[in-house]
Amino acid sequence: MTSILIKGGTVVNADRAFRADVLTQDGKIVAVGENLTAPAGTTTVDAGGQYVMPGGIDPHTHMQLPFMGTTTMDDFYTGTAAGLAGGNTTIIDFVIPDPQENILDAYRKWRGWAEKSASDYSFHVAITWWSEQVRQDMGTLVKEEGINSFKHFMAYKNAIMCDDETLVNSFKRSLELGAMPTVHAENGELVYLLQKTVAEMGIKGPEGHPLSRPPMVEAEAANRAIAIADVLNVPIYVVHVSCVEAAEAIARARARGQRVYGEVLAGHLVLDDSVYRHPDFATAAAHVMSPPFRPKGNSEFLWRGLQSGNLHTTATDHCTFCAAQKAAGKDDFSKIPNGCGGVEERLAVIWDEGVNTGRLTPSEFVAVTSANTAKLFNIYPQKGSVSVGADADLVVWDPAGTKTLSAKTQHSKGDFNIFEGRTVKGIPSHTVSQGELVFVQGDLRAVKGKGRYIKRPAFSDNFAANKLRADTLAPTAVKR
Ligand code: URQ
Ligand code: ZN
Ligand code: ZN
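Keep in mind that this is a model prediction, so the values were computed, not measured.

Calculation notes
- Residues numbered from 1 in each chain as written.
- Chains lettered and ligands numbered in written order.
- Predicted model: local features only at pLDDT ≥ 70, side-chain atom pairs only at ≥ 80, totals over all residues.
- Heavy atoms only, no water.
- Near = heavy atom within 4 Å.
- Polar contact = N/O pair within 3.5 Å; in protein donor to acceptor, adjacent residues only side chain to side chain.
- Areas by Shrake-Rupley, 256 points an atom, 1.4 Å probe, with all protein chains shown as cover.
- Nonpolar A, V, L, I, M, F, W, Y, C, P; charged D, E, K, R; others polar.
- Pairing = 2+ DSSP bridges.
- Helix = DSSP H or I, 4+ residues; strand = E, 2+ residues; numbered from the N terminus.
- Donors = N, O, S within 2.8 Å, 3.2 Å for Na, K, Ca; no water.
- Tetrahedral: all angles 85-135°; square planar, octahedral: opposite > 155°, others 65-115°.
- Contact = heavy atoms within 4.5 Å.
- Axes fitted to C-alpha atoms, helices over the stretch in contact; angles between N-to-C directions.
- Buried < 20%, exposed > 50% of the residue type's maximum accessible area, 1.4 Å probe, protein only.

Trainee: Give a detailed account of the site of ligand 1, specifying residues and quantitative values.
Mentor: Surveying the vicinity of ligand 1 reveals 13 residues, the closest of which are Tyr156, His184, Ser290, Asp317 and Asn338. Ser290 is positioned with one of its backbone polar atoms (N or O) 2.7 Å from an oxygen atom of ligand 1. Backbone polar atom of Asn338 to a nitrogen atom of ligand 1: 3.1 Å apart, as the coordinates give it. Starting from 280 Å² of accessible surface for ligand 1 in isolation, the protein chains cover 100%. The class makeup of the residues in the shell around ligand 1 is 5 nonpolar, 7 polar and 1 charged.

What follows is the structure, given as structure tokens:
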């Protein structure tokens, strides 16, 4: 029986911060209160002057992803281990079937890959094509496998992009099943045309990447997905919102009472598009991800979205490619594998840029790095809360600790760090995962295969209540 007593800290949940000790036993939190005592053999952690928070939940990672002709550098072990070193204790990754691939086969394939995970994990399943079989298999995934969210890539034409027919059918099916549809909101047809146009202008380098994906390309898709969801009366979650235009689309819809939720990447909160004009190809290419980092001013709007509650979660879209892989696009930026890292750095970057600047309170930090994701994907309070009965996934946070982020010291297998050289104040001193100390003062003790697959139940068992708007607004036909 493993028990840990975390003494002398300030517990921070999304609703409040308070002085309390935390006792864990066999992977669960068993007591939260002042002056706790512990059974013999308990490991004690001195959390004096530190915060005790729910472990981070990253709702957007791609470990071991086959993409654009290669596979990401981090697999499910190295990626989740890196997360643990940064206080992240759960990831929600993605099953991304090829078009025409049976989605249950794809799900089982990804489940096999993820067995090596060092921390708990779950999956969104991407719907990249449509058929009656896909429709049926979505039901199996929800009812038998604990999937409650389906992803839709509106970009990546000729690869995993889905058209409106798939969006409409899959959103409607999600409603029937009580599942959350999510979208990568970029108009893939516009991207395809703009990539060719920019290349014809003779721009082949990474500086062409943001030119082919201007904010309105994201805003069009965000507005379209939100409109489809509105007509179908289904909630919707927009991943990696990167620009004012898309964030405003969400805020407008929410002001009208629509259930729209937005996710922001740590990278989009602190970086801007100047990275694409770096003279070194490898440095500029290392920042190629979609949607791209945006001109200054967009980040501040995203921070305000988090402050106002119009944006809800933070993530990383951890999808690491090394310099040799990025060099595939040496002469054609559209061939640079899209993706950046961040799963280890997210919490420290958001604490430093968010809490230390006064943008976020510690409780708001917990909300946007853990609790809101747990609530939106229906694993709260098992995850995302320091409370009795919750999983013992915790991070002991030293607000005075400092660290300079660098590829030289990161645990990711990537060879670049988009936060390179950034010195942060506020870092994890201890990470507890499933009631075990897995990170202690810089010493990572991640165990391959220790992570568990986390099932996420459907949001509503009253499917009959999940009706299309047409049913609710015009219940009877006019007799003529
Ligand atoms: O689009 C995504 O979320 C995946 C393919 C990661 N790459 C990226 O550029 N965001
Ligand atoms: Zn995406
Ligand atoms: Zn992604």
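There is more to say after this.
Trainee: Requested: an account of the pairing of strand 5 (residues 28-33), with residues and values cited.
Mentor: Two elements, strand 4 (residues 21-25) and strand 5, share 5 bridges in a ladder whose sense is antiparallel. Residue pairing across strands places Leu23 opposite Ala31, the latter belonging to strand 5. Hairpin remark: strand 4 followed by strand 5, antiparallel, with 2 residues in the connecting loop; positive phi at Asp26, about 50°.

Trainee: Please give an account of the coordination of the zinc ion (ligand 2) that cites residues and values.
Mentor: For the zinc ion (ligand 2), the full set of protein donor atoms is His184 (ND1) and His240 (NE2), at a range of 2.1 Å. For the zinc ion (ligand 2), the 4 donor atoms in the first shell make angles of 57 to 145° at the metal, so the coordination geometry reads as irregular. Separation of the zinc ion (ligand 2) from the zinc ion (ligand 3) amounts to 3.6 Å. With His184 in strand 14 (residues 180-184) and His240 in the loop between strand 15 (236-238) and helix 8 (244-255), the pair connects residues that are 56 residues apart, well separated along the chain.

Trainee: An account of the sheet that holds strand 3 (residues 17-19) is needed here, citing residue identities and associated values.
Mentor: The 7 strands lie next to each other as 3-2-7-18-19-20-21, forming an open sheet whose pairing is mixed. The sheet is open, and its two edges are formed by strand 3 and strand 21 (443-444), each paired on a single side. Relative to strand 18 (residues 394-404), strand 7 (residues 51-54) is paired through 4 bridges, and the arrangement is antiparallel. In the sheet register, Pro54 faces strand 18, and the bridge partner there is Leu394. Each of strand 7, strand 18 and strand 19 (423-433) touches helix 13 (residues 346-355); the most contacted strand, strand 19, lies at about 135° to it.

Trainee: Pulling in residues and values, what's your account of the coordination of the zinc ion (ligand 3)?
Mentor: With distances of 1.9 to 2.3 Å, the protein atoms coordinating the zinc ion (ligand 3) are His60 (NE2), His62 (NE2) and Asp317 (OD). Note that the zinc ion (ligand 3) binds 4 donor atoms; their angles at the metal cover 87 to 127°, and the shape is tetrahedral. Sequence spacing among the residues donating to the zinc ion (ligand 3) works out to H-x1-H-x254-D.

Trainee: So, the pairing of strand 1 (residues 3-7): which residues are in play, and what are the values?
Mentor: With 4 of its 5 residues buried, strand 1 lies for the most part within the structure. Note: strand 1 against strand 4, 4 bridges, orientation antiparallel. Looking at the pairing, Ser3 lines up with Gln25 of strand 4. Across 4 bridges, the pairing between strand 1 and strand 6 (residues 43-46) is parallel. If you follow Lys7 over to strand 6, its bridge partner there is Asp46.

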